[in-house]
Amino acid sequence: MEQLVQSLKDGAMQLLQVPFPALQPGCILVRNHFSVISAGTEGKSVKDARLGYVAKARARKEEVGKVMKSVQNFGLIPTYKMVMNKLESPSPLGYCCAGEVIAVASDVKDFRIGDFVACGGNTAVHAEVVAVPVNLCVKISNDVNIRDAAFATLGAIAMQGIRQADLRLGENAVVIGLGLIGQLTIQMLNAAGIRTIGIDIDERMVQLASANGCELSINRRSETLENDVLDFTAGHGTDAVIITAGTDSTDPVDLAGALSRKKGKVVIVGAVPTGFKRANYFKKELELKMSSSYGPGRYDREYEEEGIDYPYAYVRWTENRNMEAFVELLRKGKLNIAGLITHEYPFSKAEDAYKVIVEKTEPFTGMVLKYDVKKELVSNVKLAERKYSKSQPVIGLIGAGSFAQNYLLPALKDKAQLAIVATARPNNARYIADKYSFASCTGNASEVFSDKDVNTVFIATRHDTHAEYVMEALKSNKNIFVEKPLCLTENDLHQIKAIYDTKSVQLMLGFNRRFSPYTETLRSFISQSEKLSSASPIAINYRINAGVVAADHWVHDPKVGGGRILGEVCHFIDLCTFITGSKVAGVSANSMNTADGKTDTLTVNLSFANGSIANISYFSNGQKELPKERLEVFAGGVVAIIDDFKSVATYGKTVSEKSGKQDKGHAKEVELFMNSIREGKDAPIPFDEIYHSMLVTFKVLESISMNGELVKLA
């Protein structure tokens, strides 16, 4: 299938041959019949992408700050590669479409194959097939025009602005900005019995609003504008102003203050600055409100991704119910969408539509892309026919987010046979396949397991899929490299072990810090201490300035990310175990009580079978300027300290320090894993050590649940 994408590097656009998106839980696959171009939002995105690097930097000062911080942490060249990777990756466009359901996830009950639906959100892109969560889809009845229903997302944006204004029958409202969303707002206000006043700087849009039922349409440049509004409202001023304009000027907000009656409301829907003049807002005691996109539920991961609806009795109008209401207005003939559509292009000519928007070669309002629904579509993309050496690793990669792109793939490039990559996002799958010369790409992970050429699977997906994919790969007799954590439950850990014990494949977990050159120097120094025998205990103090991760981030979700203990603290447990050379005998852990209930500021005390001890202080309440990790090892009269994996200092008969670029061992672990497969040797980390480190991590959670009580391991 094809998807419209643009390069963030130079703004170049193309229809890219990509695989179908992954059909994830709570989602449906939709074959698009129409999609709508949001000229304001998408036009700005395209223009920004075509800016030069200096102009991009000026427009995105916050991102520039992050880049500079990355240079400090990782160095100039690695940071440059990360930035270019982001800029070169094809970026999707679009967020409103309509079409026919062609597949539903097993947990979806309210949609069936053959239903026609309107879709919104980040995955409702300009592509022949899209995967959309159910709370961002609404059904279209047979008596509703599918092309009109494709506007449901934009209609929901307009509708939410009206709801924020909380207008009553017979009241009046001013709409400032008569672009597509402003025109929809006017029509819906009329349908609700609200008297309408429309204002715009473009006379064509003023006239269009009049043609679509606006009672009073005024050009912003009119010298009598304020008097006209006063006359229309019997001298009181308007009950509410809804701003649907997009501009860098404060004029819309200032004008709203001048036109409002006392105690009136001003609702901001469009992208306008709010550094407005205070006088009118103060004297009239105006209420200034923001409208959040399609409505309640927008940007809420639990609502949009997990499909958890808000209670109808308490949140009457969610983004989904706003979309439904828009479609119902269409069914009743209350809206004239055809009168707003100025251009309809076949999807194959999508670039021509954006040329009109960016270059403004002709007037436009509603712009629609129409898809060839009779075209035969292919669900995956085959880029090359290859023959593989079975004695060498043949790689299938599942998941290719930022971690895989920045660490795993550079370590694999030119060092392994790359057969197939599977990712949820079609554009990303194709980009990775092209950049790293995979033979094919897909959105379906099962194709990796069924590929007879693949003998080694790399898994770099969200944490909740790790156990399922690991077990599937084991059952398919494939070697496995999986990013931590191995799984999210102790029961899954035992199941993985039970399957692994029946197989003759390698299973490697991404405990990369073992393979850092700084760790190697530390262990070598400690082992060579004259006062330290191989059985002598050591003491470890490991401080991690973990930093804040937003409370609504998926990593905190017990079902998806498992929390930061499973997601990251397992790293530090494993490294302490590796350095001591002994298994953990007992665990006690305590976490700080926080307002958001997250267990990501904690201390872990480990006692080992050989008498060693370790304290892991994992703190999320620190200051980001402090380097993240400091590892101190005390043993037999000597001390070794690793500082953020940029340096290692040793204190013995003499004091020495080795420093360089940050290296946490990612490349080395992949290299050793690849070599172990080629040479038929054991994996770099024995499975019993992987199993043990994960088991200890689960015992940390158990100890925290018992207020720090000691948990002994058999």
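Residues numbered from 1 in each chain as written. Predicted model: local features only at pLDDT ≥ 70, side-chain atom pairs only at ≥ 80, totals over all residues. Heavy atoms only, no water.

S.K.: Help me understand the packing of aromatic side chains, please; the structure alone is not making it clear to me.
M.R.: Any two aromatic rings considered together are summarised by their centre-to-centre distance and by the angle between their planes. Overall, the coordinates contain 12 aromatic pairs when judged by the stated rule. An angle of 70° between the planes, with centres 5.9 Å apart, marks the rings of Phe458 and Phe673 as edge-to-face. Highlighted residues: Phe458 in strand S21 (residues 456–459) and Phe673 in helix H22 (residues 666–679), separated in sequence by 215 residues. One exposure class covers both Phe458 and Phe673, and it is buried. Ring-pair connections join several aromatic residues into one group, and the members of that group are Phe458, Phe481 and Phe673. (Phe/Tyr/Trp six-rings, centres within 6.5 Å; stacked < 30°, edge-to-face > 60°. Helix = DSSP H or I, 4+ residues; strand = E, 2+ residues; numbered from the N terminus. Buried < 20%, exposed > 50% of the residue type's maximum accessible area, 1.4 Å probe, protein only.)

S.K.: What am I meant to see in the nonpolar core here?
M.R.: Soluble globular proteins: nonpolar side chains tend toward being buried together. Ranked by size, the top nonpolar core spans 106 residues in total, and within it Phe458, Leu486, Ile496, Leu507, Tyr542 and Leu606 carry the most contacts. For Ile496, the residues in contact, after removing those within four places along its chain, are Ala467, Val470, Met471, Leu474, Leu486, Cys487, Leu507 and Phe687. Counting 79 residues, the second largest nonpolar core, distinct from the first, contains Met1, Ala152, Met205 and Ala240. (Core = buried A, V, L, I, M, F, W, Y, C linked by side-chain atoms within 4.5 Å. Contact = heavy atoms within 4.5 Å.)

S.K.: How should the pairing of strand S31 (residues 655–659) be read in this particular structure?
M.R.: Successive side chains on a regular strand alternate, one facing one side of the sheet and the next facing the other. With respect to burial, S31 is a largely exposed element, only 0 of its 5 residues being buried. The sheet contact formed by strand S30 (residues 647–651) and S31 spans 5 bridges and is antiparallel. Of the residues in S31, the one forming a bridge with Tyr651 is Val655. Taken together, S30 and the strand that follows it, S31, pair antiparallel across an intervening segment of 3 residues. (Pairing = 2+ DSSP bridges.)

S.K.: I'm lost on the sheet that holds strand S11 (residues 216–219) in this one. Help?
M.R.: Two modes of strand pairing occur in sheets, parallel and antiparallel, and in both the strands are linked by backbone hydrogen bonds. Taken together, the 6 strands give an open sheet; going across it, the order is S11-S10-S9-S12-S13-S14, and neighbouring strands pair in parallel fashion. Single-partner strands in this sheet number two, and they are S11 and strand S14 (287–290). Shown here is a sheet whose adjacent strand axes are inclined to one another by a mean of 20°, direction ignored. In this sheet, strand S12 (residues 238–243) lies alongside strand S9 (residues 172–176) in parallel orientation, the contact comprising 4 bridges. The partner of Ile176 across the bridge, within S12, is Ile243. Docked against the sheet, helix H8 (residues 203–211) engages strand S10 (195–200) and S11, running at close to 180° with respect to S11. (Axes fitted to C-alpha atoms, helices over the stretch in contact; angles between N-to-C directions.)

S.K.: Would you take a moment to explain the sheet that holds strand S32 (residues 711–712) for this structure?
M.R.: Ordered by their spatial adjacency, 9 strands build an open sheet running S31-S30-S29-S28-S24-S27-S26-S25-S32, and the pairing between neighbours is mixed. Taken across any chain shown, the strands that pair with only one partner, and hence form the sheet edges, are S31 and S32. Note that strand S24 (residues 539–545) and strand S27 (residues 613–619) share 7 bridges and pair parallel. Looking across to S27, one finds that Ile540 is bridged to Ala614. With respect to the sheet, helix H21 (residues 564–580) is in contact with S24, strand S25 (584–591), strand S26 (602–608), S27 and strand S28 (629–635), its orientation differing from that of S27 by roughly 155°. The strands that helix H23 (residues 687–705) touches are S25, S26 and S32; relative to S25, the one it contacts most, it runs at about 40°.

S.K.: Hey, could you run me through the packing of helix H6 (residues 152–165) against helix H13 (residues 319–331) in this one?
M.R.: Any two packed helices are characterised by the angle at which their axes cross and by the distance between the axes. It is the contact of H6 with H13, at a shortest axis distance of 8 Å, that shows an interaxial angle of 105°. Between H6 and H13, the angle falls in the class roughly perpendicular. When H6 is examined against H13, the residues Ala152, Thr153, Gly155, Ala156, Met159, Gln160 and Arg163 are found in contact with a partner set consisting of Glu319, Asn322, Met323, Ala325, Phe326, Val327 and Leu329. Taken together, the residues that form the contact of H6 with H13 break down as 8 nonpolar, 4 polar and 2 charged. (Parallel < 35°, antiparallel > 145°, perpendicular 65-115°, else oblique. Nonpolar A, V, L, I, M, F, W, Y, C, P; charged D, E, K, R; others polar.)

S.K.: Would you mind going over the environment of Ser440 with me for this structure?
M.R.: In this structure, Ser440 sits in strand S20 (residues 440–442). When its relative accessible area of 9% is taken as the criterion, Ser440 is described as buried. Sequence separation between Ser440 and Arg168 is 272 residues, and the spatial gap between their C-alpha atoms is 57 Å. Once residues lying within four places of it in the same chain are set aside, the contact partners of Ser440 are Val381, Lys382, Leu383, Ala419, Ile420, Val421 and Ala433.

S.K.: Mind showing me how you'd approach the pairing of S21 here?
M.R.: Side chains Thr456 and Phe458 of S21 all project onto a buried face; the interleaved residues Val457 and Ile459 project onto the opposite face, where all are buried too. Examined bridge by bridge, S21 and strand S22 (residues 479–482) share 4 bridges and lie parallel to one another. The residue bridging Ile459 from the neighbouring strand is Val482, located in S22. Following the backbone out of S21, through helix H18 (residues 466–475) and into the adjacent parallel S22, one traces a crossover that is right-handed. (Right-handed = clockwise from strand over helix to strand, strands pointing away.)

Worth remembering: the numbers are spatial, not functional.
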